[in-house]
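Close look at the chain arrangement
One letter stands for each residue in the lines below.
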Amino acid sequence: MSDANNSPDKMKYGMIGEDTQSTDEKLEKWMGVVDWKYLKPHYASGALLYVDPCLEITEVGKALTEDDKKKIQTWLKSGDLVKPSAPHEQWWEQNPEKFTALVVTPFVLMQPVRQG
């Protein structure tokens, strides 16, 4: 009986088309401009996070992907990263605007589109 592990015919399993993109490239790929209608289901599911305009949304996304608890906790404590609540939802329903959205599973980050 032959040893299947040493056989030259042994199949090698792996993902087809390995993703060689950098974290920054992946973040850029999953970012775009959307309106409240797109974000509302994410708000309803509890997955939406508001990023204050003083922060770079990609920096927050990178901190989430790297599980940088210290940065995330600092932003949460300062109010620069918040989970929107009912008053936010009401405001955005009545005052349409565009947002930059970034999907960092399981979250969706949102930030008002910068004017100018």
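Each remark here, short or long, concerns the structure printed above.
Residues numbered from 1 in each chain as written. Predicted model: local features only at pLDDT ≥ 70, side-chain atom pairs only at ≥ 80, totals over all residues. Heavy atoms only, no water.

Thoughts on the packing of aromatic side chains
- Summed over the entire model, instances satisfying the criterion amount to 4 aromatic pairs.
- A ring pair is formed by Trp-36 and Trp-92, whose centres lie 5.1 Å apart and whose planes are at 40 degrees; its orientation type is tilted. Highlighted residues: Trp-36 in helix H2 (residues 36-44) and Trp-92 in helix H5 (residues 86-94), separated in sequence by 56 residues.
- Using a relative accessible area of 6% as the deciding quantity, one classes Trp-36 as buried. (Phe/Tyr/Trp six-rings, centres within 6.5 Å; stacked < 30°, edge-to-face > 60°. Helix = DSSP H or I, 4+ residues; strand = E, 2+ residues; numbered from the N terminus. Buried < 20%, exposed > 50% of the residue type's maximum accessible area, 1.4 Å probe, protein only.)

What to know about H2
- When we look at burial in H2, the residues that qualify are Trp-36, Leu-39 and Tyr-43. Relative to the axis of H2, the buried residues are bounded by an arc of 65 degrees and lie together on one face. Turned more than 90 degrees away from the buried face of H2 sit Lys-37, Pro-41 and Ala-44, all of them exposed.
- Packed against the buried residues of H2 are strand E1 (31-35), strand E2 (48-51), H5, strand E4 (98-104) and strand E5 (107-112).
- Of the residues one or two after H2, Gly-46 is the one with positive phi, at around 85 degrees. (Arc of directions from axis to C-beta. Contact = heavy atoms within 4.5 Å.)

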